[in-house]
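# Reading the structure
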Amino acid sequence: MKLRSLLPGAVLVLLFFSAALVSYLWTPFDVTLIDIKSRFQSSSAVHWLGTDHYGRDMLSMLMVGARTSIAVAIVAVGIGMLVGVPLGLAAAANRGRFLDEFIMRGNDLVFAFPALLIAIMITAVYGAGALNAIIAIGIFNIPVFARLSRGAALSLWKRDFILAARAAGKGASRISVEHILPNIMNLLIVQGTIQFSLGILAEAGLSFVGLGAQPPIPSWGRMLADSQTLIMTEPQLALYPGLAILLTVLGLNLLGDGLRDWLDPRLRRER
Amino acid sequence: MLHYLIKRTLILLATLIVASLVVFVTIEVVPGDPASYMLGLNAQEDTVAALRAELGLDKSRVARYFSWVGGLVTGDFGTSYTYRTPVADMVADRMWVSLPLAIYALLLSTLIAFPAGVYAASRRGGTTDTVVMALTQLGVAIPNFWFAMLLVLLFAINLGWFSAGGFPGWDAGVFQALKSLTLPAIALALPQASILTRVMRSSLLDVLNEDYMRTARAKGLTRRQALWKHALRNAMVPVLTIIGLQFSFLLAGAIIIENVFYLPGLGRLIFQSIASRDLIVVESVVMLLVLAVVLVTFLVDLAYAWVDPRLRGAR
């Protein structure tokens, strides 16, 4: 059962990660190279996936686009984890007290702003760009990790081994770091995978409406936006970036499901 | 229940006040002055000053915050810098596109998810279940704006059943208006329907394992009778929660889809306003969407507490 989603998920994720990594060293063509004469070529031995409206090689664009998507999503999830987890742990350590209430209400507040709205506000102020997309998706991720780690930590605080640690004279923050955190790591990894896939989707959406990575940096969302006006005559331009997003997100979701089953045997149920 | 209601209402108000502060402060730190932006580089100083006074930009930030919030409460959202028309009128016009679109998408997603979830749960582990679950995996992973483009390619360009974009307005007839909202609504509904199907299925599976279901079967009810009489009603609580929360997601998610289909809704309005630095419009529309999200969450919480009294004491 567990291999059914873990393996295909890992394969897909590995494929796109390697494409992104390889693109740092090598791409079939230079993505900044504009060659109008060879635009709109279909798949061939030279251009495996053809060329776009500027004559740029689609495969190279997709490889560099993978880099943009993955970088934005990874940093955004990192922000969410680095800020959200300590907040969640602090809330759990001070459960029922003012700090807990304060952190959780703050979470509710951030939840009221969908990532897109945060991005719109940031863009309205500072202009569009990959960095602002990272900040927007990152802020959106904070309450997700804060809630998750608070919830998981709360049940751990009632356990005997925590009581033993307190009896040994350890303070709340030391217990949180030394005992609680390692025990919720699995949960965080699984949620991290899911948020990562949502981050890829969010980045693509923001780039699609022009709020994410700016030209000449290739990104999957931007490629789709460019292809929108050409969809009648050159539908293949819209096909590849869309498929790349779909397969990466699918891979991450399958990997997340598989990891959850694999890391937590108690959850190994038939659904 | 009354105590819970008062507590939740106070939290709702506090959230809205802080949210309005966040929106106002974020937008207010914008470098540059809308008045000089509107009048261009060669504007006379006194002309700019006159426009600043007209737009109320010469007042202090605190005064402007209170007049903005006061306006929001009374339905006066200020005047658009670029169009020189009341923001409330612009929002109301666009609302007639965005709101029906969100409701349409919500209906579609529920209509797809309900039978699919029930069907998958009642045939757990079978081929149908596997196929439905695989489809939901795809539905969650597909970017809805890309799906929208594929819909346009197939149904508008190749088959010619729908127009590729635009909105004729409700004056052109309900049928025509709904027709032009159909592809956008499908594109919006797909990911939501996938999530809802999964929630419906797992919620139903939880209920099917309950003791009272075994009792119902032992009483002599058939599987189908037990499912319809006992299981569905109990499984609906988490499903209704998700439906409630999805509404606000649909309203915000429509921002991108409206751009694919060139629909004159709130999403297009927000982008046009960013482009023309019409910040009073951005401010008000963002606040309106936040209000929608917070209000829906509040209503869902209340509904939950009403159904399940144990939740009233929690938190």
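So, how was this worked out
- Residues numbered from 1 in each chain as written.
- Chains lettered and ligands numbered in written order.
- Predicted model: local features only at pLDDT ≥ 70, side-chain atom pairs only at ≥ 80, totals over all residues.
- Heavy atoms only, no water.
- Helix = DSSP H or I, 4+ residues; strand = E, 2+ residues; numbered from the N terminus.
- Buried < 20%, exposed > 50% of the residue type's maximum accessible area, 1.4 Å probe, protein only.
- Salt bridge = Lys/Arg side-chain N within 4 Å of Asp/Glu carboxyl O.
- Contact = heavy atoms within 4.5 Å.
- Polar contact = N/O pair within 3.5 Å; in protein donor to acceptor, adjacent residues only side chain to side chain.
- Nonpolar A, V, L, I, M, F, W, Y, C, P; charged D, E, K, R; others polar.
- Phe/Tyr/Trp six-rings, centres within 6.5 Å; stacked < 30°, edge-to-face > 60°.
- Lys NZ or Arg CZ within 6 Å of the ring centre and 35° of its normal.
- pLDDT = per-residue confidence, 0-100.
- Arc of directions from axis to C-beta.
- Patch = residues over 30% accessible without salt bridge, like charges linked within 9 Å, V, L, I, M, F, W, Y side chains within 5 Å.
- Areas by Shrake-Rupley, 256 points an atom, 1.4 Å probe, with all protein chains shown as cover.
- Axes fitted to C-alpha atoms, helices over the stretch in contact; angles between N-to-C directions.
- Parallel < 35°, antiparallel > 145°, perpendicular 65-115°, else oblique.

## Some points on the overall build of chain B
For chain B, the count of helices and strands is 13 helices and zero strands. For chain B, the α and β elements follow one another from N to C terminus as α-α-α-α-α-α-α-α-α-α-α-α-α. Projected onto its principal axes, the C-alpha coordinates of chain B cover approximately 85 × 60 × 35 Å. Looking at chain B residue by residue over its 315 residues, the buried ones come to 47%.

## Describing the pattern of salt bridges
All names here are of chain A. Counting across every chain of the model gives ten salt bridges over all chains. Notably, a salt bridge pairs Asp100 with Arg150, separated by 2.8 Å at the nearest N-O pair. Here Asp100, found in helix H3 (residues 98–111), pairs with Arg150, found in helix H5 (residues 130–157); they are 50 residues apart in sequence, far enough to count as distant. What emerges from the salt-bridge pattern is a single network uniting Glu101, Arg105, Asp108 and Arg147.

## Some thoughts on the environment of Ile180 of chain A
Residues and elements named next belong to chain A. With respect to the element layout, Ile180 can be found in helix H7 (residues 172–208). For Ile180, a relative accessible area of 0% puts it in the buried group. For the pair Ile180 and Ser155, spaced 25 residues apart in the sequence, the C-alpha separation amounts to 9.9 Å. Among residues more than four places away in sequence, those in contact with Ile180 are Leu89, Ala153, Leu156, Trp157, Ile162 and Ile175.

## Brief notes about the interface of chain B and chain A
The interface is formed by 45 residues belonging to chain B together with 39 residues belonging to chain A. The interface formed by chain B and chain A contains three residue pairs in polar contact (both at pLDDT 80 or more). Elements represented by at least two residues in the side of chain B that touches chain A include exactly helix H1 (2–28), helix H6 (127–141), helix H7 (144–158), helix H8 (174–208), helix H10 (223–260), helix H11 (266–275) and helix H12 (279–307) of chain B. It is H1 of chain B that contributes the most residues to the side of chain B that touches chain A, eight residues altogether. Of the residues belonging to the side of chain B that touches chain A, the class tally is 35 nonpolar, five polar and five charged.

## Focus on the packing of aromatic side chains
All chains considered together, the criterion is met by eleven aromatic pairs over all chains. On the numbers, 5.9 Å between centres and 70° between planes, the contact of Phe167 of chain B with Trp170 of chain B is edge-to-face. These aromatic residues form a ring-pair network of at least three members: Phe24, Tyr65, Phe66 and Trp68 of chain B. A cation over a ring is seen here: Arg67 of chain A above Tyr24 of chain A, with NZ or CZ 4.3 Å from the ring centre. Positioned above the aromatic ring of Tyr119 of chain B is the side chain of Arg123 of chain B, whose terminal nitrogen or guanidinium carbon lies 4.1 Å from the ring centre.

## Considerations on the confidence of the model for chain A
With 96% of its residues at a pLDDT of 70 or more, chain A has an overall mean of 87. Confidence scores differ between elements of chain A, with helix H4 (residues 115–126) of chain A showing the lowest mean pLDDT of 78 and helix H2 (residues 58–93) of chain A the highest of 93.

## Observations regarding helix H3 (residues 45–55) of chain B
Residues and elements named next belong to chain B. Here H3 has its buried residues at Val48, Leu51 and Leu55. The arc enclosing the buried residues of H3, seen along the axis, measures out at 65°, which places them on a common side. Along H3, the residues that are exposed and aim more than 90 degrees away from the buried face are Glu45, Asp46 and Glu54. Just downstream of H3 lies Gly56, where phi reads positive at about 80°.

## Observations concerning the side chain of Glu234 of chain A
Turning to its location among the elements, Glu234 of chain A is positioned in the loop between helix H8 (220–228) and helix H9 (236–263). A polar atom in the side chain of Glu234 of chain A sits 3.0 Å from the side chain of Gln236 of chain A.

## Brief notes about a nonpolar patch on the surface
Residues and elements named next belong to chain A. Together, Leu21, Val22, Tyr24, Leu25 and Trp26 line one region of the surface with nonpolar side chains, adding up to about 630 Å² of accessible area. Tracing the sequence through the fold places Leu21 in helix H1 (residues 2–25). A relative accessible area of 55% places Leu21 in the exposed class.

## Quick look at the side chain of Ser219 of chain A
Residue and element names in this part refer to chain A. Structurally, the position occupied by Ser219 is in the loop between H7 and H8. According to the relative accessible area criterion, Ser219 is buried, its value standing at 0%. With residues up to four places along the chain from it excluded, the contact list for Ser219 reads Gly65, Thr68, Glu203, Ser207 and Ala213.

## A short note on the packing of H10 of chain B against H12 of chain B
Residues and elements named next belong to chain B. It is the contact of H10 with H12, at a shortest axis distance of 10 Å, that shows an interaxial angle of 175°. Here H10 is positioned roughly antiparallel relative to H12, judged by the angle of their axes. Across the interface between the two elements, Val237, Pro238, Thr241, Gly244, Leu245, Phe247, Ser248, Leu251 and Ile255 of H10 pack against Leu289, Ala292, Val293, Val296, Thr297, Val300, Tyr304 and Val307 of H12. Of the residues that constitute the contact of H10 with H12, the class distribution is 13 nonpolar, four polar and no charged.

## So, the confidence of the model for chain B
Residues and elements named next belong to chain B. When pLDDT is averaged along chain B, the result is 85; 95% of the residues meet or exceed 70. Within chain B, the element-level pLDDT minimum falls on helix H13 (residues 310–313), averaging 64, and the maximum on H7, averaging 92. Among the prediction metrics, the complex's ipTM stands at 0.88, with pTM recorded as 0.87.

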